[in-house]
Structure formats: C-alpha cells, structure tokens
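# Observations on the model geometry
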Amino acid sequence: MANLMQRSLPLTTTRTPVLQFLRFRGKINIQRPKEPHYERARVVAVTQPKYPELPKARSCFQTRAERTKEQLENPYNEIIAREVRNWLNHSQLVAIFHLNSITADEIFRVRVQLHKQNLHLKSYGRKIIDQAVTGTPYEAIMPLFHSNHCIVFSPNQQQIGALLKITRRVPQMVLLGGIVEKTLLSRNELMAYAQMPNLQGAQAQLVQTLNLAAGQLVQHLQTHQANLVQVLDVHAKGNGDTNTNTTETADES
Amino acid sequence: MSVPFSGTLRRSGGIVSAIGKQLKSINLKGVKRITVQFDPFAENVKSTREFFFLLSTPKVIQTNPKCVVKSDIVCDRQAASIKFALIDSAQEQAKVKEIRFNSGNLNTLELLELCNKHVSSLAPPEEVTNKVLTKAEKQKLGGGSKKALKKK
C-alpha cells in the first residue's frame, strides 16, 4: 500500500516490485548460457578490461637473475642446527653410520631397540650439519655425511657395547666412526673401545701392573722358604701315613 | 637455403635419470660376492658410498639374492675399491677370478656404466621356461588326485 502511494515526482522514485519471484529447488543454468542480444553483447565487448603487457625485453634477464641469485635461507635451518649442536654437546657417545637401502619398518624396529637402551637414532641433512658444526671442534666429522647416513646419540658412553650388539643384527647400518668423550674415533678404535673393560676393571688392571714389580721381588725372596715348607709338608704327611700304617698293623697283630 | 636439423629432439633427463637407466639394466647373476672397501674420512668416497647404497636396493638384490654385498671400512687412507668375486661360469667366460674397480676418481654414473659393461655382461643367460600346459596335460598332472576325490 505504501509502495503504491505517490509522494514525490513521477519517475524519480524507486519502487520495489510488487511481486518478487523466488527460485525453489530448480537448478540454475550456467553451462549453456543464452547468447546475449546484440546490444548487450556490444556493451559487454566494449567494457572488457585491457591489461597492459609487460615489455618482455626488460624481464628477459630478470628470470635468469632470479634463478641464479643466492636463495634466501630458511630460518628454521638455524633452529635445527642448534638442536644438532645441543645433541653433540650433551652426548658422551655419538656413532655415525652409513645407511643402505632399508624399509621404514626395519628402521623403526632398530629405533625402538635402541631407545630401550637410551640410545637415540637421528638423521639430519648435510647442509644443516655443516651449519651446526663449522667453527666448532666437531668439524672433523663432516666428511662422513656425504651419503645416506644416520647418527646415534647417547648420554652414557658405556652403551657402546649395547649399540654394537643391536647394529650387528642390522646389515644395512655400517659403522663409520664416532665421538666418545669429545674424542673422534675411527671404526676400529670404536670396536676396541667397546672391548675395553669398564673404569673399575681398568683401575684394577692398573693396580695389578703397578704391583707387578714389587710382587715379583717378594716372590723371588720367598721362593726358597716356600719350597722348603712344601717339601717338609709332603715329608710330614708321608711319615704320618707310615706311622698310621704301622700302628694299624700292630693293632691287627 | 635452410640449415639442416642438428641437435636433439628430446631433452635428456639429467644425471639422475641416467643413473636410473643404468640401474635398470644391472644384473648381478654372475657375481657371488661384492666387497666395497673405503675409508670414510677420505675425500672422494662419495661415489663409492652411493654405489654401495644403489647395490643394496631391493631391485638390484633381486637379480641375484645369493650374492653377498659386504663392506670393508678401513682407516689407513687406502684408496676406495669395489671387488666383484665372480661365479665359476663367469670366471671361465672372463678368464679372471674377480673384477676390481678403483673408485677414487670415478663418479656414480661411471661406476654403474663400468659395472654394466664388465659385470652384467657376465651373467649366465636365463633358461626360458615358457611351456604352456594344455587342459589335457593339466588334467593328467592333477587327474589322479581329482579322480580319487570323485570316487569318494
């Protein structure tokens, strides 16, 4: 009703239509649009946007320059390098292996077995290890990472035996070298280190070696007395036997 | 006058596809043992280690599951080498007992190419067993057991 009342000049008002048509459930058609009327098509053609084309000569060498310029380094690499440095500083035992083709299942099984012994299996890219290790005392391990590798960290250097035992069962992991108590060791040296007795055993060996000279001297001084005592013992025993034999025969008789 | 065509019609896929192509034609049937020896701290062992890795892939191992690939890590700065110990028929064919590659100055692709040239060619030819059984032959083979079942 208010829509139909004329309050201003004709043709100056805007009116919402009396009937508004609503789509219900029908699918709209956008795949086969109707060809526009000539007038409409003319307006559409005129109003199409025209974009300015970049002059190719100016950008001809820019793409090559973009490709060949120094790539921006991802700051995440710095974080991972810090993690590597952390692991290296806080592990008493670091063993580096060459890794051959291995299934994820098998490497997981190895990882679990190592984890039970408090040994941590890790692998990082060469660039990150390079970033982590250049300038530190660990720079010498760089040549080991040129090919497929993995690293095992342990806070306790006594675990070397357990580590070798587990990795002996895995033919794809080949021990290359390691760091024990900040000392770089080759493969053979690591195996020898694993065969060494623990600290108490080594101390006992040292004590034995120190006492060896004095012990030998004492032994030399005491040999003759000891021999005499032994011979007397045997003699006494022999006499004792004959005495008991004679007493027994006397009793019988 | 136009210049006659020169150049390639297809671009090469790079070193990685060349390595892949060589790997496809590798055959270790004529080898009974491979020993890869290197010093891990030496400078030019990258190609030896990569070759070692490629030899351990399942596809290459499948060509001869009996062939053992062993590694020998040394620490006296010896040159890197790869030794292929041949089986008897291959030894007769090549008149040598084993083939040794000094891999210090070779890259991975060259190692694979040499391996294909010298080692894969010594593989004994496969015996083709493509006999297709006819229905009658199949029945003959399994016929006895089937007849017994039918009687029951």
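Looking at an unreviewed UniProt entry, one finds chain B named Large ribosomal subunit protein mL53, with Drosophila pseudoobscura pseudoobscura as its source organism. Recorded under Subcellular location (unreviewed entry), the UniProt text for chain B is reproduced unchanged: "Mitochondrion". Looking at the Sequence similarities (unreviewed entry) heading of the UniProt record, one finds this comment for chain B: "Belongs to the mitochondrion-specific ribosomal protein mL53 family."

In the annotation of UniProt, chain A is listed under the name Large ribosomal subunit protein uL10m and assigned to Drosophila pseudoobscura pseudoobscura. Regarding chain A, the relevant UniProt record gives this comment under Subunit: "Component of the mitochondrial ribosome large subunit (39S) which comprises a 16S rRNA and about 50 distinct proteins." Per its UniProt entry, chain A bears the Subcellular location comment "Mitochondrion".

On to the sheet that holds strand E3 (residues 81–86) of chain B, then. All names here are of chain B. Ordered by their spatial adjacency, 4 strands build an open sheet running E2-E1-E3-E4, and the pairing between neighbours is mixed. Each of the sheet's edge strands pairs with one partner strand only, and the pair in question is strand E2 (68–73) and strand E4 (98–102). Looking at each pair of strands side by side, their axes are set apart by 15° on average, direction ignored. In the sheet, strand E1 (residues 31–38) pairs with E3 via 6 bridges, with the strands oriented antiparallel. Counterpart to Val31 in the pairing with E3 is Leu86. Against the sheet, helix H5 (residues 108–118) contacts E3 and E4, and its axis sits at roughly 160° relative to E4.

When two helices pack together, their arrangement is given by the angle between the helix axes and the distance between those axes. All names here are of chain B. Viewed as axis vectors pointing N to C, helix H1 (residues 15–24) and H5 meet at an angle of 20°, and their least axial separation amounts to 10 Å. Overall, the two elements H1 and H5 adopt an arrangement that is roughly parallel. When the axes of H1 and H5 are compared, the crossing they make is left-handed. Between H1, through Ile15, Ala18, Ile19, Gln22 and Leu23, and H5, the contact on the second element is made entirely by Thr108, Leu109, Leu112, Glu113 and Asn116.

Across all of its chains, the model carries 2 salt bridges over all chains by this definition. Residue Arg42 of chain A pairs with Glu39 of chain A through a salt bridge whose shortest N-O separation is 3.9 Å. Taken as a pair, Arg42 of chain A and Glu39 of chain A lie in helix H1 (residues 38–46) at a separation of 3 residues, close to a single helical turn. A relative accessible area of 44% places Arg42 of chain A in the partly exposed class. Glu39 of chain A sits in the partly exposed class, given a relative accessible area of 42%. Glu126 of chain B serves as the salt-bridge partner of Lys29 of chain B, at 3.7 Å between the closest nitrogen and oxygen. Here Lys29 of chain B, found in the loop between H1 and E1, pairs with Glu126 of chain B, found in the loop between H5 and helix H6 (135–151); they are 97 residues apart in sequence, far enough to count as distant. Glu126 of chain B gets classed as exposed once you look at its relative accessible area, which sits at 64%.

With that settled, the discussion passes to the interface of chain B and chain A. Listed per partner, the contact involves 14 residues of chain B and 19 residues of chain A. Where chain B abuts chain A, roughly 1500 Å² becomes buried across the two surfaces, and 63% of that area is made up of carbon and sulfur atoms. Of all residues in chain B, Phe41, Arg49 and Ile73 of chain B give up the largest surface area on contact with chain A, accounting jointly for 45% of the area buried on that side. On inspection of chain B and its partner chain A, the count reaches 0 salt bridges.

Turning next to unusual backbone geometry. Residue and element names in this part refer to chain A. Look at Asn118: it is not a glycine, yet its phi comes out positive at around 60°. With respect to the helices and strands, the residue Asn118 is situated in the loop between helix H5 (104–116) and strand E2 (120–122). Residue classification places Asn118 among the partly exposed residues on the basis of a relative accessible area of 35%. Positive phi values are uncommon outside glycine, yet Lys182 reaches one of about 65°. Assignment of secondary structure puts Lys182 in the loop between strand E4 (173–180) and strand E5 (183–186). Using a relative accessible area of 53% as the deciding quantity, one classes Lys182 as exposed.

Time to look at the state of the cysteines. Taken as a whole and assessed by the stated rule, the structure comprises 0 disulfides over all chains. Not engaged in a disulfide, the cysteine Cys115 of chain B finds its nearest cysteine sulfur in Cys67 of chain B; these two sulfurs lie 9.8 Å apart.

Calculation notes
- Residues numbered from 1 in each chain as written.
- Chains lettered and ligands numbered in written order.
- Predicted model: local features only at pLDDT ≥ 70, side-chain atom pairs only at ≥ 80, totals over all residues.
- Heavy atoms only, no water.
- UniProt positions renumbered as here; feature names shortened; annotations may be inferred.
- Pairing = 2+ DSSP bridges.
- Helix = DSSP H or I, 4+ residues; strand = E, 2+ residues; numbered from the N terminus.
- Axes fitted to C-alpha atoms, helices over the stretch in contact; angles between N-to-C directions.
- Contact = heavy atoms within 4.5 Å.
- Parallel < 35°, antiparallel > 145°, perpendicular 65-115°, else oblique.
- Left-handed = near helix turned anticlockwise from the far one by under 90°.
- Salt bridge = Lys/Arg side-chain N within 4 Å of Asp/Glu carboxyl O.
- Buried < 20%, exposed > 50% of the residue type's maximum accessible area, 1.4 Å probe, protein only.
- Buried area = accessible area lost by both parts, 1.4 Å probe.
- Disulfide = S-S within 2.5 Å.

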